Each structure stands twice: as structure tokens, then as C-alpha cells.
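Structural characterization, general
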Amino acid sequence: MLQGIAVSDGIALGRVLLLRAQALVFDEARSADPGPEAERFTKAVGAFCDNTMSRMRHLQQLPVRAEDSKILETHIGIAGDPELNSRVRELIESGLCAEAALSRVCDMYIAAFSDSHDELTRLRAEDIRDVRNAIIHLLLGVEDDSIREAPKGSILVAEELSPSVMADLDTERIVGLVLEKGGPASHAGIMARTMGLPAVCGVRGAADKLSQGDFVIVDGSRGAVISSPGEKVVAEYRRKREVQLEERRCMEDFRDRRTLSADGIEYPLYCNISMPCAAGGAIEAGGEGIGLFRTEYLFMNRSSPPGEDEQAAAYSQAIDGAGGRQVVIRTLDVGGDKSVPCLGVRQEENPFLGLRGVRWCLQNQDIFLTQLRALLRAAAGRSLHILLPMISALSELRACRRLIEKAREQLTNEGKPCAGSLPVGVMIETPAAAVIADQLSREAAFMSIGTNDLVGYIMACDRGNPAVGSLYDPFHPAVLRVLKHIIRCGSASGAPVCVCGETAADPRLTPLYMSYGVTSLSLPAGAIPRVRKTVSLWTKAEADSLSEAVGRLDTAKEVREALDGAARV
Ligand code: PEP
Ligand code: MG
């Protein structure tokens, strides 16, 4: 058995299709005529962008995969990056061939980004490597059809897979993935989950240990790859797979209904999106509205920020996509792990404790006002909730409100249609906001708990640092006590409370959130049916007694075990 990292649930049985990375063979020293060489390069970049654009459009048509198209958009941004392009052209001008010039420039960026402590920056190195390889393949004219022509039911074994390859995978031919590199946060891992493709990553030496055509079992839930299984094991896994497939079919029943507990309490499930075109797909996939639109993504991969008209159109598109259901749009959350070069956000020594979210916006009011004006224009005559990220003081909420008023006054004076008063809510993702949740919930229209950041700040722990990674734990009693406190504050003052971090998608935590009194949850579209089903299996009284029992436990390990044991499927 080969052990790796469990990345995407499910069981797959099939024969190995080994994909060896194609060597990018070219003559580094080949001297080239700069004119035609620059033209070859331009053509290859153009072809890459066209291919990637059509894959992106294809993903955007698929309800649960629309968010994945963002990754491809990033790749188009990298290929078209003016600085990267001009450096490559300089090297071509100095006599290098296009392959060598591109390779050198990309390798320089990759080396700079790969050692970063920050996971997103390391992912960017992965992106640049993928783009480099794809463009060099185009320059060399090499194409690998083995995946496209794979026999039905193949298990793909490779070192890693680029997002473009993932975007093209036909899940009838490829039923499971075994990758030597990557983990849950890698692009391949994220895309495997949205595709419902069982996957195990981080299996060292898999390509050497497995041979073309071997029969293997991929257990995506345990991170295990079983090679040459005996008859009994195969029979057992076929049975398990049937149970899982049946469960998935039954999940389909939970896609298009209201989210009601066993005793009839409603907990609407909204979707998290990062681009406006994903709103329609999120509703189609079972979302009851949009609970978090991360607008900073509109500002990434471009050389200048989107203007007011462009933003207003994007926000309108999201509101239209939701077809009259609730839409929560979060204002710019830059800084921390989100680098937005076109805004000139300065690199800080300690970005997670720096100028993030509303802190940055309040110091860059021109950009913030433009966004607020766009939001108010998009919401003219219809409903929209505005959400403020990284709040740590009441004064910040009040300052943002004043700016919203100012934006409204400006628009009214200019005779432009805009929304009247809108519900303005706060993200609770700093310990300070959590502690003053009673005050915030009296002034804010609603609260949304960002557990991704809140867990890190409560545990004083950087997820990207493996030495303390295990402390980053949403099951830690400290985290649960804080969540309970926040939600109780919301209930006491009548302010709705949503949980919108990744933990909202973990069904083991669902009964605890129900017991604490959460109003709604906001999660990735693919997780909706499972969480909706979980809600339907608990009454409030049952959730309360589980939460009481969990509240008496001392450690994260005990909490996890108790919630694993109590899980209902
Ligand atoms: C969070 O911190 O949980 C959250 C939802 O915000 P983001 O993941 O965008 O930082
Ligand atoms: Mg956050």
C-alpha cells in the first residue's frame, strides 16, 4: 500500500495510466534571429491564452466548476504579464531562443516565490511553472494525447497535474488520481474535489512504484493507494464504492430544497464565490443565495484596478445571477495572504498583522469610495448586503458607514440611481472583533464569522508553517468557545450570524453551529448537499446535547473524536 495525503474523497478502482512529465528539451545555446524568435514567442503566448480562455469559458458553464476557472484566469494573467514579457523579449533580443529566454525568466520568479512562508505565494510559483511548461510545449510543438485517449476507468498517476490538464479531464476515462506532489490546497487538489474525483497527493515515488496497466484502488478518504489488491480487498472496496455512490445519488436530492433541521428550523445555506459569473452556477448547485463574494479577486491579475463602471457591472452580474436571493458582497480584502499588485499594496514584515481589509481601505479612501459607489449603483432598486472584512474596532465600522453615506450623497448629487440604506455587516475574523461581538452586533446589521483567519489568529499560528500547522485546528476548544460566544452575542442582539470560513463546509461541525444558534452558513457550492443533509438529520435538542458534551472536553483531539463518532450520514 502507498500512503499519501487524502485530498479528494471517494473510492476508485482501475488500471494505472502513467503520465511521465515530458522533458522540455531544447538547445539552450541555440543562437536565434531575434525578429522571428520574438514572433514565435508572441504566437505561442497567444495560442496559450486562447486555449486557456476556451477552457475557462467551458468551466464557467458548469455550475460547480465555475470557481475553478479563476485558476485559469490567473494563468492568462501570468502569460500576459507585461514585466515577464518584456524580460523575455530582452533576452531574445540578446540572442537567446524563445524557449531558453522564457525558461530563464520564469525560473527566476519561481526561485523567488518557492521559498516563501506564504502558501499563496508558493502556489504562484506552481502557476508560473505550469504556464512556462505549457508555452514551451507549444513552442516545441509537442503534444501528449495519452490522457485524452485514456481507456475508460483509468487511474492517472503523475508527478503533478497542471490546472489546464485538470480542466480537460474526462471523468469517464479518468476515475482517480495519484500524484507525487501537492496537497489539499494545490490546484490539482482543489479541482479534484470540485470534480468529485477521488485523489491522493504527496505519494512519493508513485510513478516508479506503479507500472502502466497495474490494477489499483484509490481510497481518497484515507489517502491510500492499494496496488495489486487481492480478490477479497477488491470485493470489499467495490461494496464501499457502491455505498458511496448511493450516498452521492441521495445527496442529489438535497441539492434543490430548503435547509431544514429535523425539527423544522431553517438554516439557509449560501455560497462563497470569488467572481460574479459564478453566482448563477452557485444557485444552480443548490445555494440559497450568495453569502460571500470576495471582491478582491476582481483586482488580481491586472495592471490597473477596475474602474467604477466595471465594478458596478460585476456586482450587478452577481446580483442578477442570484435571481432575487440574498447577496452579500464583501468589500476589498487586500493584504495578508492576498497580494494585489495593481493596488501597490506594500509588502510588510508581518502581513497578517498589518494593513489588511478595511484597515487598508480606510487608508486608501479613493479606491474604497470607488468600490462603495459601484456597490450602491449596482444595488439601485434591489437588495444587497455589504460586508466589511478584518474589522477589529467599532470605530472602523462607523468610519466605513460614513464613507458609504458619502458615496451615496455623491451619487445622489450627480443624479445617478443608487441604493438607499443597505444592511452593512462585519466579518468576525480577529480576536478583537470576537471579544466585542456584543457591541458589534448591536451596530452591525449582521455578522459573518471568517473561521479561516479567526482560527489562525486565536491559535496565534501560521497555517503555512509546518512546525505549528497542527495547532491550526477548528476543533480546538478555544476556537469553539469563541464561536459560541460570537453567535450567542448575535442572538442576544438579534443580529443574524453566518459562518463563512471553510469550516462551514465540514459536516462534523454543523450540529455545533446549529446548537450555538447560527442563522446561516456560507460555503463552497460543492459542499451544499452534504451540509444540507446533515442539518436535516439533527434536531435542535440533539445538537444541544452534543454541544454540551463537546463543551466538557479538554483537547482538540477529544473534540474531533467525539464529533467523528457522532457524525450522521
Ligand atoms: C475567512 O477568513 O474565513 C474568510 C472567509 O475570509 P478569507 O478566506 O477570504 O480570508
Ligand atoms: Mg478572512
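Scope of this entry: the structure provided in the associated data block. Because the structure is predicted, anything quoted here is derived from the model rather than measured. Along each chain, residue indices are assigned from 1 in the same order as the chain's sequence is written. Labels are handed out in written order, letters beginning with A for the chains and numbers beginning with 1 for the ligands. Since the coordinates come from a predicted model, pLDDT governs what is reported: local features require at least 70, and pairs of side-chain atoms require 80 or more to be given and counted, while whole-chain, interface and lining totals use all residues. To get the side-chain values, all heavy atoms of the structure are used, and hydrogens and water are removed first.

**Notes on the sheet that holds strand β8 (residues 224–227)**
Basically, it comes down to this: Following DSSP output, two strands are said to pair if at least two bridges run between them. Here a helix means four or more residues in a row that DSSP labels H or I, a strand means two or more in a row labelled E, and each is numbered from the N terminus. The contact definition used throughout considers only heavy atoms, calling two residues in contact when any of these lie within 4.5 Å. Between the N-to-C directions of two axes lies an angle of 0 to 180 degrees, each axis being a line fitted to C-alpha atoms and, for a helix, fitted only over the stretch in contact.
Across the sheet, eight strands lie side by side as β1-β8-β7-β3-β4-β5-β6-β2; this open sheet has mixed pairing. Of all the strands in the sheet, the pair left with one neighbour each is β1 (2–3) and β2 (5–8). On top of the sheet, helix α7 (residues 187–195) reaches β2, β5 (174–179) and β6 (199–201); it is set at about 50 degrees to β2, its chief contact. Sheet strands touched by helix α9 (residues 231–252): β3 (11–19), β7 (215–219) and β8. Its angle to β3, the strand with the most contacts, is close to 110 degrees.

**Looking at the site of ligand 1**
The cut-off we apply is this: One heavy atom within 4 Å of a molecule or strand is enough for the residue carrying it to be called near that molecule or strand. Throughout this description, a polar contact denotes any pair of N or O atoms lying within 3.5 Å of each other; where both atoms belong to protein, one of them has to be capable of donating a hydrogen while the other can accept it, and for residues adjacent in sequence the pair is counted only when both atoms sit in side chains. Working definition of accessibility: Shrake-Rupley area with a 1.4 Å probe, residue cover restricted to the visible protein chains.
With respect to spatial proximity, 13 residues lie near ligand 1, and among them Arg294, Arg330, Lys338, Gly450 and Asn452 are the closest. Between ligand 1 and the protein, one listed contact pairs an oxygen atom with a side-chain N or O atom of Arg294 at 2.7 Å. Residue Thr451 places a main-chain N or O atom 3.1 Å away from an oxygen atom belonging to ligand 1. About the coverage of ligand 1: the protein hides 94% of its 290 Å² of free accessible area.

**Examining the sheet that holds strand β10 (residues 289–294)**
Across a sheet, paired strands are connected by hydrogen bonds in the backbone, their directions being either parallel or antiparallel. What the eight strands build is a closed barrel, ordered β9-β10-β11-β12-β13-β14-β15-β16; its pairing is parallel. Taken over all neighbouring pairs, the strand axes of this sheet differ in orientation by 25 degrees on average, direction set aside. Where strand β11 (residues 326–330) meets strand β12 (residues 385–388), three bridges bridge the pair, whose relative direction is parallel. For Val328, the partnering residue across the bridge sits in β12 and is His385. Together, β12 and β13 (424–428) form the strand contacts of helix α14 (residues 394–413), whose direction differs from that of β13 by roughly 145 degrees. Strand contacts of helix α20 (residues 528–536): β9 (269–273) and β16 (520–523), with the helix running at about 155 degrees to β9, the strand carrying the most contacts.

**Observations regarding the coordination of the magnesium ion (ligand 2)**
Counted only if it meets this: For Na, K and Ca the donor cutoff is 3.2 Å, while for all other metals N, O and S atoms count as donors only within 2.8 Å; water does not appear among the atoms, so some sites may look incomplete. Three labels apply to residues, based on accessible area from a 1.4 Å probe with only protein chains included: buried if under 20% of the type maximum, exposed if over 50%, partly exposed otherwise in between.
Distances from the magnesium ion (ligand 2) to its protein donors, Glu429 (OE) and Asp453 (OD), fall at 2.0 to 2.1 Å. Note that Glu429 is positioned in the loop between β13 and α15 (431–435) and Asp453 in helix α17 (residues 451–459), a separation of 24 residues in sequence. Judged by its relative accessible area of 2%, Glu429 falls in the buried class.

**Some remarks on the nonpolar core**
Rules: Buried Ala, Val, Leu, Ile, Met, Phe, Trp, Tyr and Cys residues form a nonpolar core when they are joined through side-chain atoms within 4.5 Å. In this document the domain limits rely on a domain assignment from an automatic tool or a database.
Among the nonpolar cores identified, the biggest contains 100 residues, and Ile290, Tyr315, Leu388, Ile428, Ile449, Ile486 and Leu521 are the most heavily contacted of them. Broken down by element, the residue count for this core peaks at eight residues, all from α14. Two domains each donate at least three residues to this core, and these are domain 3 (250–264 + 424–521 + 528–569) and domain 4 (269–422). Ala79, Ile147, Met166 and Leu169 belong to the second-largest nonpolar core, a separate cluster that totals 53 residues.

**Some words on α20**
Among the nine residues in α20, seven count as buried, and that is most of the element. When α20 is considered as a whole, its buried residues turn out to be Ile528, Pro529, Val531, Arg532, Lys533, Thr534 and Val535.

**Structural notes on the pairing of β13**
Where we set the bar: Handedness of a crossover is defined as follows: with both strands directed away from the viewer, a clockwise route from the first strand across the helix to the second makes it right-handed.
Among the five residues of β13, five are classified as buried, and the element is accordingly described as predominantly covered. What you see with β13 is no split at all: Val424, Val426 and Ile428 on one side and Gly425 and Met427 on the other are buried throughout. As defined by bridge partners, β12 adjoins β13 across three bridges and the pair is classed as parallel. Looking across to β13, one finds that Leu387 is bridged to Gly425. The parallel pair β12 and β13 is bridged by α14, and the resulting crossover is right-handed.

**Re the environment of Tyr270**
Looking at the element boundaries, Tyr270 is found in strand β9. Residue classification places Tyr270 among the buried residues on the basis of a relative accessible area of 10%. Sequence separation between Tyr270 and Gly4 is 266 residues; the distance between their C-alpha atoms is 33 Å. With residues up to four places along the chain from it excluded, the contact list for Tyr270 reads Glu288, Gly289, Ile290, Gly291, Gln326, Ser520, Leu521, Ser522, Leu523 and Ile528.

**Examining the packing of aromatic side chains**
This is how it is decided: For Phe, Tyr and Trp, where Trp contributes only its six-membered ring, two rings pair if their centres lie within 6.5 Å, and the inter-plane angle classes them as stacked under 30 degrees, edge-to-face over 60, or tilted in between.
All chains considered together, the criterion is met by two aromatic pairs. Here Tyr109 and Phe113 contribute two aromatic rings whose centre-to-centre distance is 6.3 Å and whose plane-to-plane angle is 40 degrees, an arrangement assigned as tilted. A residue pair is termed a helical-turn pair when its members lie 3 or 4 positions apart in one helix, as Tyr109 and Phe113 do in helix α4 (residues 98–114) at four residues. Looking at Tyr109, the relative accessible area reads 15%, which means it is buried. Summarising the aromatic geometry, the rings of Phe293 and Tyr315 are spaced 6.2 Å apart at their centres and angled 75 degrees between planes, so their arrangement reads as edge-to-face. On the criterion of sequence distance, the pair formed by Phe293 in strand β10 and Tyr315 in helix α11 (residues 308–321) is long-range, its members being 22 residues apart.

**As for α9**
Spelled out, the test is: Multiplying 1.5 Å by the helix residue count minus one yields the expected span of that helix. In this context, the arc is that of the directions from the helix axis out to the C-beta atoms.
Here α9 is 22 residues long and its end C-alpha atoms lie 32 Å apart, about the 32 Å a rise of 1.5 Å per residue gives. Taken residue by residue, α9 has Val234, Tyr237 and Met251 as its buried positions. Looking down the long axis of α9, one finds its buried residues gathered within 90 degrees of arc, a one-sided arrangement. Structural note: α9 exposes Glu231, Lys232 and Arg239 on the side pointing more than 90 degrees away from its buried face. For α9, the secondary structure elements touched by its buried residues are β3, β7, β8 and α20.

**Side note on the packing of α9 against α20**
Convention followed: Note on angle classes: values under 35 degrees are labelled roughly parallel, values over 145 roughly antiparallel, values of 65 to 115 roughly perpendicular, and the remainder oblique.
It is at 9 Å that the axes of α9 and α20 come closest, and there the two elements cross at 85 degrees. Taken together, the axis directions place α9 and α20 in an arrangement best described as roughly perpendicular. Residue-level inspection shows Glu247, Cys250 and Met251 of α9 in contact with α20, the latter providing Pro529, Arg530 and Lys533.

**What to know about the pattern of salt bridges**
Let me state the cut-off plainly: By definition, a salt bridge exists where a carboxyl oxygen of Asp or Glu is found within 4 Å of a side-chain nitrogen of Lys or Arg.
Enumeration according to the criterion identifies 37 salt bridges in this entry. For Glu414, the salt bridge is made with Arg373, and the minimal N-O distance between the two is 2.7 Å. Residue Glu414 is found in the loop between α14 and β13, and its partner Arg373 is found in helix α13 (residues 365–378); the two are separated by 41 residues along the sequence. A residue is classified by how much of its surface remains accessible, and Glu414, at 41% relative accessible area, is partly exposed. Overall, Arg373 belongs to the buried group, its relative accessible area being 9%. The network of salt bridges with common partners includes Glu308, Asp309, Arg373, Arg377, Glu414 and Lys416.

**Details of the packing of α13 against α14**
Let me state the cut-off plainly: Here a crossing is taken to be left-handed if its near helix is turned anticlockwise relative to the far helix by less than a right angle, and right-handed if that turn runs clockwise. For this classification, the nonpolar set comprises Ala, Val, Leu, Ile, Met, Phe, Trp, Tyr, Cys and Pro, the charged set comprises Asp, Glu, Lys and Arg, and every other residue, Gly included, is treated as polar.
Contact geometry for α13 and α14: axes closest at 9 Å, N-to-C directions at 65 degrees. Of the two elements, α13 crosses α14, and the hand of that crossing is right-handed. In contact with Gln365, Phe368, Leu369, Leu372, Arg373, Leu376 and Arg377 of α13, α14 contributes Cys400, Leu403, Ile404, Lys406, Ala407, Arg408, Gln410 and Leu411. Among the residues making up the contact of α13 with α14, the classes are represented as nine nonpolar, two polar and four charged.

Scope: geometric values only; no functional claims are made or implied.
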